[in-house]
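Observations on the model geometry
Residue-level listing of the chains:
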Amino acid sequence: MNKSILSIAALIIAVVLFLAINIVGGNAFRGARVDLTEGSLYTLSDGSRNIARKLPEPIRLTLYFSEKIANDVPSFKSYATRVKEMLTEYARSSGGKIDLAIVNPEPFSDTEDKAVAAGLVGVPTGRGSDRFYFGLVGVNSTDKQQVIPFFDPQKEGFLEYDITHMVYLLSDAPKKVVGVMTWLPLEGMPMNPMGGRGVPPWQIIEQMKELFEVKSVENAVKSIPADIGVLMVVHPKGISPETQYA
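This text gives an overview of the structure that appears in the document. As the structure is a prediction and not an experimental result, all values here were calculated from the model. (Residues numbered from 1 in each chain as written. Predicted model: local features only at pLDDT ≥ 70, side-chain atom pairs only at ≥ 80, totals over all residues. Heavy atoms only, no water.)

Structural notes on the nonpolar core
Quick note on the threshold: We call a set of buried residues a nonpolar core when its members are Ala, Val, Leu, Ile, Met, Phe, Trp, Tyr or Cys and they connect through side-chain atoms within 4.5 Å of each other. Remark: exposure states derive from per-residue accessible area (1.4 Å probe, protein chains only) relative to the maximum for the residue type, with buried under 20%, exposed over 50%, and partly exposed in between. Starting at the N terminus, helices and strands are each numbered in turn, a helix being any DSSP run of H or I of at least four residues and a strand any DSSP run of E of at least two. Contact criterion: two residues are considered in contact whenever any of their non-hydrogen atoms come within 4.5 Å of each other.
Leu61, Phe134, Phe151 and Ile163 are the most contacted members of the largest nonpolar core, which totals 28 residues. Only strand S1 (59-65), helix H3 (67-70), helix H4 (74-93), strand S4 (131-140) and helix H6 (159-171) provide two or more residues apiece to this core. Of all the elements, H4 adds the most residues to this core, at eight residues. When near neighbours in sequence (up to four residues on either side) are disregarded, isoleucine 163 contacts Met86, Leu87, Tyr90, Ile148 and Phe151. In this structure, Val178, Leu186, Val214 and Val234 belong to the second largest nonpolar core, which totals seven residues.

What follows is the structure, encoded as C-alpha coordinates:
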(Lines give C-alpha, C1' and ligand atoms only; values in the text may rest on other atoms or scores of the structure.)
Protein backbone atom coordinates (compact mmCIF):
# COMPACT_ATOMS: atom_id res chain seq x y z
CA MET A 1 0.00 0.00 0.00
CA ASN A 2 1.24 3.47 -0.87
CA LYS A 3 2.88 5.28 2.04
CA SER A 4 0.87 8.46 1.31
CA ILE A 5 -2.36 6.48 1.57
CA LEU A 6 -1.23 5.05 4.91
CA SER A 7 -0.40 8.54 6.16
CA ILE A 8 -3.82 9.86 5.14
CA ALA A 9 -5.54 6.89 6.77
CA ALA A 10 -3.58 7.41 9.98
CA LEU A 11 -4.49 11.10 9.99
CA ILE A 12 -8.19 10.31 9.51
CA ILE A 13 -8.09 7.79 12.36
CA ALA A 14 -6.36 10.34 14.61
CA VAL A 15 -9.01 12.97 13.83
CA VAL A 16 -11.84 10.49 14.50
CA LEU A 17 -10.28 9.48 17.83
CA PHE A 18 -9.78 13.11 18.79
CA LEU A 19 -13.43 13.94 18.10
CA ALA A 20 -14.64 10.83 19.90
CA ILE A 21 -12.58 11.59 23.00
CA ASN A 22 -13.87 15.16 23.10
CA ILE A 23 -17.50 14.09 22.70
CA VAL A 24 -17.23 11.41 25.38
CA GLY A 25 -15.24 13.70 27.67
CA GLY A 26 -17.70 16.54 27.18
CA ASN A 27 -20.62 14.34 28.18
CA ALA A 28 -18.82 12.68 31.06
CA PHE A 29 -17.54 15.89 32.63
CA ARG A 30 -20.40 18.21 31.82
CA GLY A 31 -21.13 20.25 34.92
CA ALA A 32 -17.80 19.37 36.51
CA ARG A 33 -15.54 22.26 37.48
CA VAL A 34 -11.87 22.26 38.34
CA ASP A 35 -10.43 25.18 40.31
CA LEU A 36 -6.76 25.51 39.35
CA THR A 37 -6.19 28.90 40.98
CA GLU A 38 -3.61 29.21 43.73
CA GLY A 39 -5.42 28.74 47.02
CA SER A 40 -8.61 27.57 45.22
CA LEU A 41 -10.05 31.08 45.10
CA TYR A 42 -13.32 29.98 43.52
CA THR A 43 -13.93 26.92 45.72
CA LEU A 44 -16.34 27.18 48.65
CA SER A 45 -15.51 25.68 52.02
CA ASP A 46 -17.60 22.73 53.20
CA GLY A 47 -19.36 24.96 55.73
CA SER A 48 -20.45 27.51 53.12
CA ARG A 49 -21.56 24.78 50.74
CA ASN A 50 -23.64 23.09 53.46
CA ILE A 51 -25.37 26.36 54.37
CA ALA A 52 -26.26 26.97 50.72
CA ARG A 53 -27.40 23.37 50.23
CA LYS A 54 -29.62 23.33 53.33
CA LEU A 55 -31.50 26.58 52.70
CA PRO A 56 -35.12 26.00 53.82
CA GLU A 57 -36.52 28.44 51.27
CA PRO A 58 -35.36 30.32 48.15
CA ILE A 59 -33.47 33.60 48.43
CA ARG A 60 -32.54 36.15 45.80
CA LEU A 61 -29.08 37.69 45.55
CA THR A 62 -28.61 40.77 43.35
CA LEU A 63 -25.09 41.96 42.56
CA TYR A 64 -25.02 45.62 41.58
CA PHE A 65 -21.86 46.17 39.55
CA SER A 66 -20.93 49.19 37.39
CA GLU A 67 -19.13 47.16 34.75
CA LYS A 68 -18.33 49.98 32.32
CA ILE A 69 -16.63 52.03 35.01
CA ALA A 70 -14.75 48.99 36.33
CA ASN A 71 -13.21 48.38 32.91
CA ASP A 72 -10.95 51.37 33.58
CA VAL A 73 -9.85 50.03 36.98
CA PRO A 74 -8.00 46.69 36.56
CA SER A 75 -7.99 45.87 40.29
CA PHE A 76 -11.77 46.12 40.53
CA LYS A 77 -12.29 44.30 37.25
CA SER A 78 -10.27 41.26 38.38
CA TYR A 79 -11.85 41.27 41.84
CA ALA A 80 -15.31 41.45 40.28
CA THR A 81 -14.51 38.27 38.37
CA ARG A 82 -13.77 36.49 41.64
CA VAL A 83 -16.94 37.83 43.30
CA LYS A 84 -19.09 36.71 40.36
CA GLU A 85 -17.49 33.26 40.28
CA MET A 86 -17.98 32.79 44.01
CA LEU A 87 -21.63 33.89 43.88
CA THR A 88 -22.15 31.47 41.00
CA GLU A 89 -20.71 28.68 43.16
CA TYR A 90 -23.16 29.56 45.95
CA ALA A 91 -26.07 29.42 43.50
CA ARG A 92 -24.84 26.10 42.07
CA SER A 93 -24.35 24.58 45.54
CA SER A 94 -27.86 25.61 46.61
CA GLY A 95 -29.54 23.34 44.07
CA GLY A 96 -31.71 26.15 42.77
CA LYS A 97 -32.52 27.76 46.14
CA ILE A 98 -30.35 30.82 45.39
CA ASP A 99 -31.51 33.01 42.50
CA LEU A 100 -28.56 35.14 41.37
CA ALA A 101 -28.92 38.30 39.30
CA ILE A 102 -26.16 40.67 38.16
CA VAL A 103 -27.26 44.17 37.14
CA ASN A 104 -25.49 47.27 35.93
CA PRO A 105 -26.90 50.38 37.66
CA GLU A 106 -26.76 53.01 34.94
CA PRO A 107 -26.73 56.66 36.12
CA PHE A 108 -30.19 58.10 36.82
CA SER A 109 -31.87 54.72 36.19
CA ASP A 110 -34.44 52.82 38.24
CA THR A 111 -31.73 50.26 38.94
CA GLU A 112 -29.51 52.89 40.50
CA ASP A 113 -32.45 54.13 42.59
CA LYS A 114 -33.00 50.58 43.88
CA ALA A 115 -29.31 50.24 44.74
CA VAL A 116 -29.33 53.48 46.72
CA ALA A 117 -32.61 52.61 48.45
CA ALA A 118 -31.15 49.25 49.52
CA GLY A 119 -28.19 50.97 51.17
CA LEU A 120 -25.43 50.34 48.64
CA VAL A 121 -22.50 52.74 48.56
CA GLY A 122 -21.89 54.59 45.30
CA VAL A 123 -18.26 55.71 45.07
CA PRO A 124 -17.67 59.00 43.18
CA THR A 125 -15.65 58.48 40.00
CA GLY A 126 -14.68 62.09 39.33
CA ARG A 127 -16.70 61.99 36.12
CA GLY A 128 -19.50 64.35 36.91
CA SER A 129 -22.29 62.64 38.83
CA ASP A 130 -21.27 59.08 37.88
CA ARG A 131 -20.85 56.67 40.80
CA PHE A 132 -19.31 53.22 40.99
CA TYR A 133 -21.49 50.49 42.54
CA PHE A 134 -20.16 47.12 43.61
CA GLY A 135 -22.40 45.66 46.30
CA LEU A 136 -24.80 42.82 47.05
CA VAL A 137 -28.44 42.79 48.15
CA GLY A 138 -30.07 39.62 49.46
CA VAL A 139 -33.80 39.10 50.04
CA ASN A 140 -35.70 36.04 51.28
CA SER A 141 -39.33 35.00 50.81
CA THR A 142 -40.50 37.10 53.78
CA ASP A 143 -38.79 40.23 52.35
CA LYS A 144 -36.07 40.15 54.98
CA GLN A 145 -33.07 41.97 53.51
CA GLN A 146 -29.32 41.84 54.04
CA VAL A 147 -26.79 44.09 52.32
CA ILE A 148 -23.08 44.17 51.60
CA PRO A 149 -22.76 47.89 50.74
CA PHE A 150 -19.46 47.62 48.85
CA PHE A 151 -16.97 44.88 47.98
CA ASP A 152 -13.59 46.32 48.95
CA PRO A 153 -10.66 44.49 47.27
CA GLN A 154 -8.56 45.20 50.37
CA LYS A 155 -10.93 42.95 52.34
CA GLU A 156 -10.76 40.08 49.86
CA GLY A 157 -9.79 37.65 52.61
CA PHE A 158 -13.26 38.07 54.16
CA LEU A 159 -15.21 37.61 50.92
CA GLU A 160 -16.50 34.10 51.56
CA TYR A 161 -17.27 34.86 55.21
CA ASP A 162 -19.28 37.98 54.30
CA ILE A 163 -21.38 36.18 51.67
CA THR A 164 -21.94 33.11 53.85
CA HIS A 165 -22.89 35.36 56.76
CA MET A 166 -25.50 37.06 54.55
CA VAL A 167 -26.91 33.76 53.24
CA TYR A 168 -27.10 32.31 56.75
CA LEU A 169 -28.99 35.31 58.14
CA LEU A 170 -31.43 35.18 55.21
CA SER A 171 -32.07 31.49 55.87
CA ASP A 172 -33.78 32.37 59.18
CA ALA A 173 -32.38 29.16 60.65
CA PRO A 174 -33.13 28.67 64.38
CA LYS A 175 -30.27 30.08 66.42
CA LYS A 176 -28.27 27.63 68.49
CA VAL A 177 -27.76 28.52 72.15
CA VAL A 178 -24.17 29.26 73.22
CA GLY A 179 -23.38 29.70 76.89
CA VAL A 180 -20.53 32.02 77.88
CA MET A 181 -18.72 31.56 81.18
CA THR A 182 -16.06 34.24 81.46
CA TRP A 183 -13.73 35.92 83.90
CA LEU A 184 -13.30 38.89 81.55
CA PRO A 185 -15.77 41.76 80.91
CA LEU A 186 -16.86 40.44 77.50
CA GLU A 187 -20.33 41.87 77.95
CA GLY A 188 -18.90 45.26 78.85
CA MET A 189 -19.47 47.25 82.00
CA PRO A 190 -22.17 49.86 82.64
CA MET A 191 -21.29 53.44 83.37
CA ASN A 192 -20.46 54.13 87.00
CA PRO A 193 -23.11 56.43 88.57
CA MET A 194 -20.27 58.26 90.33
CA GLY A 195 -18.89 59.39 86.99
CA GLY A 196 -16.77 56.47 85.81
CA ARG A 197 -16.85 55.59 82.15
CA GLY A 198 -18.55 52.39 81.00
CA VAL A 199 -16.93 49.69 78.90
CA PRO A 200 -18.67 48.56 75.68
CA PRO A 201 -19.14 44.84 74.94
CA TRP A 202 -16.27 43.11 73.20
CA GLN A 203 -16.59 42.76 69.43
CA ILE A 204 -16.49 38.96 69.58
CA ILE A 205 -19.68 38.92 71.67
CA GLU A 206 -21.42 41.32 69.30
CA GLN A 207 -20.49 39.09 66.36
CA MET A 208 -21.65 35.95 68.16
CA LYS A 209 -25.05 37.47 68.92
CA GLU A 210 -25.68 37.90 65.20
CA LEU A 211 -25.45 34.15 64.65
CA PHE A 212 -26.32 32.56 68.01
CA GLU A 213 -28.46 33.06 71.08
CA VAL A 214 -25.83 33.94 73.67
CA LYS A 215 -26.52 33.26 77.36
CA SER A 216 -24.29 34.18 80.28
CA VAL A 217 -23.43 31.38 82.70
CA GLU A 218 -22.28 32.14 86.23
CA ASN A 219 -18.71 31.24 87.16
CA ALA A 220 -19.82 29.18 90.16
CA VAL A 221 -22.53 26.76 89.03
CA LYS A 222 -23.17 23.10 89.80
CA SER A 223 -24.99 22.41 86.52
CA ILE A 224 -25.13 23.86 83.02
CA PRO A 225 -28.61 24.77 81.71
CA ALA A 226 -29.95 22.01 79.47
CA ASP A 227 -30.74 24.32 76.54
CA ILE A 228 -27.08 25.28 76.06
CA GLY A 229 -25.55 23.34 73.19
CA VAL A 230 -22.04 24.79 73.40
CA LEU A 231 -20.30 26.28 76.43
CA MET A 232 -17.58 28.85 75.81
CA VAL A 233 -15.21 29.20 78.78
CA VAL A 234 -13.02 32.30 78.64
CA HIS A 235 -9.89 32.84 80.74
CA PRO A 236 -10.92 30.51 83.60
CA LYS A 237 -9.49 31.34 86.99
CA GLY A 238 -10.07 29.61 90.31
CA ILE A 239 -12.92 27.38 89.17
CA SER A 240 -14.45 25.27 91.94
CA PRO A 241 -14.41 21.46 91.61
CA GLU A 242 -18.23 21.48 91.28
CA THR A 243 -18.13 23.89 88.37
CA GLN A 244 -15.31 21.98 86.70
CA TYR A 245 -17.37 18.81 86.99
CA ALA A 246 -20.43 20.56 85.49
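Some thoughts on the sheet that holds strand S6 (residues 177-182)
Selection criterion: By the convention used here, strands pair only if DSSP detects at least 2 bridges between them. Note on method: axes are straight lines fitted to C-alpha atoms, helices fitted across the in-contact stretch only, with angles between N-to-C directions ranging 0 to 180 degrees.
As summarised here, the arrangement of the three strands in space is S7-S6-S8, forming an open sheet in which the pairing is parallel. A single partner strand is all that each edge strand has here, and the edge strands are strand S7 (213-216) and strand S8 (230-234). Within the sheet, the average angular offset between the axes of one strand and its neighbour, ignoring direction, is 25 degrees. With five bridges joining them, S6 and S8 adopt parallel strand pairing. By the bridge assignment, glycine 179 is partnered in S8 with leucine 231. Along the sheet face, helix H7 (residues 203-211) touches S6, S7 and S8 and points at about 165 degrees away from the line of S6.

Description of the packing of aromatic side chains
The condition is simple: Working definition: rings of Phe, Tyr and Trp (its six-membered ring) pair if their centres are within 6.5 Å, and the pair is stacked with planes under 30 degrees apart, edge-to-face with planes over 60 apart, and tilted otherwise.
Within this structure, the stated rule accounts for 10 aromatic pairs. Pairing phenylalanine 76 with phenylalanine 134 gives two aromatic rings, centres 6.3 Å apart and planes at 80 degrees, and the pair type is edge-to-face. Here phenylalanine 134 lies in strand S4 and phenylalanine 76 lies in helix H4, a separation of 58 residues in the sequence. Among the residues examined, phenylalanine 134 registers a relative accessible area of 1% and is labelled buried. Between phenylalanine 134 and phenylalanine 151, the ring centres sit 5.3 Å apart and the planes meet at 55 degrees, which makes this aromatic pair tilted. One end of the pair, phenylalanine 134, is in strand S4; the other, phenylalanine 151, is in the loop between strand S5 (145-148) and H6, and 17 residues separate them in sequence. Grouping aromatic residues by their ring pairs yields a cluster made of Phe65, Phe76, Tyr79, Phe132, Phe134, Phe150 and Phe151.

Details of the environment of glycine 122
Following the sequence through the fold, glycine 122 ends up in strand S3 (residues 122-124). According to the relative accessible area criterion, glycine 122 is buried, its value standing at 14%. Here the alpha-carbon distance between glycine 122 and glutamate 112, two residues 10 residues apart in the chain, equals 9.2 Å. Excluding anything up to four places from it in sequence, glycine 122 contacts Arg131, Phe132 and Tyr133.

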